[in-house]
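Okay, here's what each chain looks like letter by letter:
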Amino acid sequence: MNKEGKVYKFGDNVDTDVIIPARYLNTQDEKELASYCMIDIDSTFASRVKVGDIIVAGSNFGCGSSREHAPISIKASGVSVVIAKTFARIFYRNAINIGLAILECEEASEKINDGDIITTDLSSGKITNITRNECYFAEPFPAFVQNIISCNGYINSIKVGLK
Amino acid sequence: MGMTITEKIMAAHAGLASVKPDELIMAKLDIVLGNDITSPVAINEFEKAGFEKVFDNEKIALVMDHFVPCKDIKSAMQVKQVREFSKKHSIKHYYDVGKMGIEHALLPEQGIVKAGDMIIGADSHTCTYGALGAFATGVGSTDMAASMATGESWFKVPHTIKFNLTGKLKPFITGKDVILHIIGMIGVDGARYRAMEFAGEGVHSMSMDDRFTIANMVIEAGAKNGIFPVDDKTRDYMSGRVTAKYNEYSADEDAEYIAEYNINLSEIEYTVAFPHLPENIKTPEKWGIIAIDQVVIGSCTNGRYSDLYNAATVMKGHNLADGVRCIIIPATQEVYKKCMNDGIFDIFIDAGAVISTPTCGPCLGGYMGILADGEKCVATTNRNFVGRMGHAKSEIYLASPAVAAASAILGRLATPEEVK
């Protein structure tokens with residue numbers, strides 16, 4: 001599955017409080033959460049991001065709280081994949097569980113710039129920077145994790161498996 | 001090869017003789033925890049999956065603590081959803097207004113978590129229970145939903161970093177200073193995916209409240225869990241609270257650690273994390289003059305009795321500085337009552353502080369003390385991220401209760417010794 005989109009670039013230690021501040025955690029509505037996505041780090045992000053766009057960040061992306069609202073707001077905002085040098089562990093697990101595609105790749109994190117157009121292939125881990133004509137390689141997920149993401153989350157993948 | 005404390009608890013709950021780092025295991029859980037923010041999402045997932053029954057109605061704890069007493073209609077709807085779910089499934093450990101406290105102070109106090117347990121919670125500070133010699137880690141709502149149905153979860157066995165503690169803390173230096181010092185030393189991702197094991201004679205000199213504070217903030221270094229050995233202080237704490245049998249695990253002599261650090265507790269100074277990361281620590285000689293608008297003393301990190309006692313000792317007989325607001329939040333009803341009976345509240349109220357019902361409220365910028373543009377707050381909480389307690393241009397300085405109390409009196413970041 002190839003995903004192409006425009007890059008929104010962020011730095012290190014993007015925490016779940018700036019992804020979705022707790023003042024908006026009184027709802028579980030995905031669209032409402034998406035409308036506040038990244039508000040405390042880039043207040044224009046939610047209005048600018050388009051379906052298929054891609055977040056590229058530095059190390060320890062998603063550190064802080066365990067709120068699943070954070071990956072939910074990113075996914076519902078239309079972002080197709082998040083690429084980072086590293087992810088904080090609770091966010092990493094939550095992203096997979098709710099079916100948000102993520103890739104860990106140090107080279108991509110360093111070389112991709114804001115506004116670049118890139119494509120990602122989750123099955124191979126290949127990241128192609130169309131703007132700069134470069135390729136980077138992330139470790140692809142094992143098949144069962146790719147299945148969770150393609151089923152749109154862990155619970156859905158269980159239901160699909162039971163059918 | 002020997003095992004660490006974390007590896008022993010994981011092996012025991014996976015039904016294995018031994019485990020090693022990076023091994024994937026399926027483990028049985030003693031407690032599955034959620035709060036009023038994470039449980040509604042988990043309940044939706046639980047019901048979406050078509051699960052009809054919880055695995056054990058005595059092994060699920062649902063604590064309404066983040067936005068209660070409810071701050072608005074939406075939060076009231078969320079708590080209503082959890083209340084109805086708890087009733088439907090006869091959840092034994094459901095805590096609502098009147099009985100609730102901040103979850104990570106409440107569960108140990110009520111004896112719901114104990115040494116040797118394997119615990120997950122849909123709250124990142126679930127790692128607090130490591131102070132009791134339990135494995136406890138934070139997860140998201142989907143994992144919570146699945147575990148409420150199955151009573152188990154999968155884990156990757158973490159590598160363990162060992163912290164050898166020697167010496168003894170100086171007066172008014174507490175677990176908060178220790179853990180901020182450690183986070184400053186290893187960074188906010190210095191223990192990412194790792195277990196942090198605390199060992200050495202220095203551990204035994206520290207109170208349980210100090211240990212809870214330290215274990216509580218290991219997530220701020222990215223850790224999966226923090227863990228302490230069980231000693232007489234742990235047993236004394238559990239005595240009268242824990243009625244079930246508990247298991248004590250200790251690390252083997254030949255356990256393998258991915259890294260080791262030596263820390264002399266007697267060398268730890270007052271330590272404050274400046275905006276906007278917990279690793280951005282400074283000791284008093286580097287504080288400069290930081291004028292403040294608000295002080296918050298409470299939270300799952302520092303809302304226990306000894307925390308409030310320390311703050312009151314510093315604040316006794318003084319008034320808050322002009323223009324400073326001070327919000328005191330006992331973490332549980334038990335802490336509240338003890339503070340009230342011991343006259344500690346009189347000290348706070350006479351100084352000009354306010355006392356709140358237990359709540360996570362201001363720590364996560366929910367309510368009950370939100371910061372405006374440009375305001376500075378000294379808080380005994382655990383995170384000083386951008387916008388954490390309110391406006392994206394406000395600033396949070398993380399400190400111990402004694403430093404927070406001194407700062408409230410002097411109107412600037414200050415040490416207890418500066419209060420005459």
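Residues take numbers from 1 onward in each chain, read along the sequence in its written order. Think of it this way: whatever chain is written first is A, whatever ligand is written first is 1, and the rest follow in order. Side-chain atom pairs in this predicted model are given and counted only at pLDDT of 80 or more, local residue features only at pLDDT of at least 70, and totals for whole chains, interfaces and linings cover all residues. Hydrogen atoms and water are omitted, and side-chain values are computed over all heavy atoms in the structure.

1. Notes on the interface of chain B and chain A
Argument step 1. Counting residues at the interface gives 48 residues for chain B, matched by 37 residues for chain A.
Argument step 2. By buried area we mean how much accessible surface two parts lose on assembly, using a 1.4 Å probe and totalling the loss over both. Across the chain B/chain A interface, buried area totals approximately 3400 Å², and carbon plus sulfur atoms make up 51% of it.
Argument step 3. Looking at the side of chain B facing chain A, the largest losses of area belong to Thr142, Arg192 and Tyr193 of chain B, adding up to 16% of the total buried there.
Argument step 4. Basic side-chain nitrogens of Lys or Arg form a salt bridge, by our definition, when they fall within 4 Å of a carboxyl oxygen of Asp or Glu. Summed over the shared surface of chain B and chain A, the number is 4 salt bridges.
Argument step 5. Between Glu104 of chain A and Arg192 of chain B there is a salt bridge, and its shortest N-O distance comes to 3.9 Å.
Argument step 6. N or O atoms closer than or at 3.5 Å make up a polar contact, with two conditions inside protein: a donor-capable atom paired with an acceptor-capable one, and, for residues adjacent in sequence, both atoms drawn from side chains. Scanning the region where chain B abuts chain A turns up 21 residue pairs in polar contact (both at pLDDT 80 or more). The criterion used for residue contact is that any of the two residues' heavy atoms lie within 4.5 Å.

2. Considerations on unusual backbone geometry
Argument step 1. Look at the link from Val68 of chain B to Pro69 of chain B: it is a cis peptide, with omega at -15°.
Argument step 2. Take Pro69 of chain B: it is sitting in the loop between β3 (60-63) and α3 (73-88).
Argument step 3. One non-glycine residue, Asn13 of chain A, adopts positive backbone phi at about 55°.
Argument step 4. What counts as a helix is a DSSP run of H or I of at least four residues, what counts as a strand is a run of E of at least two, and both are numbered from the N terminus. Along the chain, the position of Asn13 of chain A falls in the loop between β1 (2-9) and α1 (16-19).
Argument step 5. Relative accessible area decides the class of each residue, using a 1.4 Å probe on protein chains only: under 20% of the type maximum gives buried, over 50% gives exposed, and in between gives partly exposed. You can call Asn13 of chain A buried: its relative accessible area is 15%.
Argument step 6. Of note in the backbone geometry, Asn152 of chain A takes a positive phi value of approximately 70° without being a glycine.
Argument step 7. With respect to the helices, strands and loops of the structure, Asn152 of chain A is situated in the loop between α7 (143-150) and α8 (154-162).
Argument step 8. Judged by its relative accessible area of 41%, Asn152 of chain A falls in the partly exposed class.

3. A closer look at the nonpolar core
All names here are of chain B.
Argument step 1. In plain words, nonpolar cores are sets of buried Ala, Val, Leu, Ile, Met, Phe, Trp, Tyr and Cys residues tied together by side-chain atoms within 4.5 Å. Grouped together as the largest cluster of nonpolar side chains are 142 residues, with contacts concentrated most on Leu107, Met196, Phe198, Ile297, Met315 and Phe348.
Argument step 2. It is helix α14 (residues 401-410) that contributes the most residues to this core, 7 residues altogether.
Argument step 3. Here this core spans two domains, since at least three of its residues come from each of domain 1 (5-265) and domain 2 (272-418).
Argument step 4. Leave out the neighbours within four places in its chain, and Ile297 touches Leu308, Ala311, Met315, Cys326, Ile327, Ile328, Ile329, Thr380, Pro401, Ala404 and Ala405. The start and end points of each domain follow an automatic or database-based domain assignment.

4. Here's the deal with helix α13 (residues 344-351) of chain B
Residue and element names in this part refer to chain B.
Argument step 1. Every buried residue of α13 is listed here: Ile344, Phe345, Ile347, Phe348 and Ala351. For α13, the angular spread of buried residues about the axis comes to 160°, placing them on one side.
Argument step 2. Where α13 is buried, its residues contact α11 (305-315), β15 (325-328), α12 (333-341) and β16 (354-355).
Argument step 3. Directly beyond the C-terminal end of α13, a positive phi value near 105° is found at Gly352. In this description, the arc belongs to the directions extending from the helix axis to the C-beta atoms.

5. Structural notes on the packing of helix α2 (residues 38-48) of chain B against helix α5 (residues 141-150) of chain B
All names here are of chain B.
Argument step 1. Fitted lines through C-alpha atoms give the axes, limited to the stretch in contact for helices. The angle between two N-to-C directions lies from 0 to 180 degrees. Two elements in contact, α2 and α5, have axes separated by 8 Å at closest approach and are oriented at 55°. Accordingly, the angle class assigned to the pair α2 and α5 is oblique. Crossing angle aside, the handedness with which α2 passes α5 is right-handed. In this structure, α2 uses Thr38, Ser39, Val41, Ala42, Glu45 and Phe46 to contact α5, whose residues at the interface are Ser141, Thr142, Met144, Ala145, Met148 and Ala149.
Argument step 2. All residues other than Ala, Val, Leu, Ile, Met, Phe, Trp, Tyr, Cys, Pro, Asp, Glu, Lys and Arg, Gly among them, are scored as polar; the first ten of these are nonpolar and the last four charged. Here the residues of the contact of α2 with α5 are counted per class, giving 7 nonpolar, 4 polar and 1 charged. An angle counts as roughly parallel when it lies under 35 degrees, as roughly antiparallel when it exceeds 145, as roughly perpendicular when it falls between 65 and 115, and as oblique in every other case. What makes a crossing left-handed is the near helix being turned counterclockwise from the far one by less than a right angle; a clockwise turn instead makes it right-handed.

6. As for the side chain of Thr381 of chain B
Argument step 1. When you line up the elements, Thr381 of chain B lands in the loop between β17 (376-379) and β18 (395-398).
Argument step 2. A relative accessible area of 1% means that Thr381 of chain B is categorised as buried.

7. Describing the pattern of salt bridges
Residue and element names in this part refer to chain B.
Argument step 1. Counted under the stated rule, the structure contains 26 salt bridges over all chains.
Argument step 2. Arg235 serves as the salt-bridge partner of Asp232, at 2.7 Å between the closest nitrogen and oxygen. One end of the pair is Asp232 and the other is Arg235, both in helix α9 (residues 232-238) and 3 residues apart, which spans about a single turn.
Argument step 3. Here Glu418 and Arg412 are joined by a salt bridge, their closest N and O atoms 2.8 Å apart.
Argument step 4. Since its relative accessible area comes to 31%, Glu418 is described here as partly exposed.
Argument step 5. Note on Arg412: relative accessible area 23%, which makes it partly exposed.

8. Regarding the sheet that holds strand β8 (residues 160-166) of chain B
Through backbone hydrogen bonds, the strands of a sheet pair up, either in parallel or in antiparallel fashion.
All names here are of chain B.
Argument step 1. Any two strands between which DSSP finds at least two bridges are classified as paired. Read from one edge of the open sheet, 4 strands run β10-β9-β8-β11, paired in parallel fashion. Looking at which strands have only one partner, the edges of the open sheet turn out to be β10 (225-227) and β11 (259-264). If you compare each strand with its neighbour and ignore which way they point, the axes differ by 20° on average.
Argument step 2. Contacts from helix α6 (residues 175-186) reach β8, β9 (195-199) and β11 within the one sheet, and its direction differs from that of β11 by about 135°.

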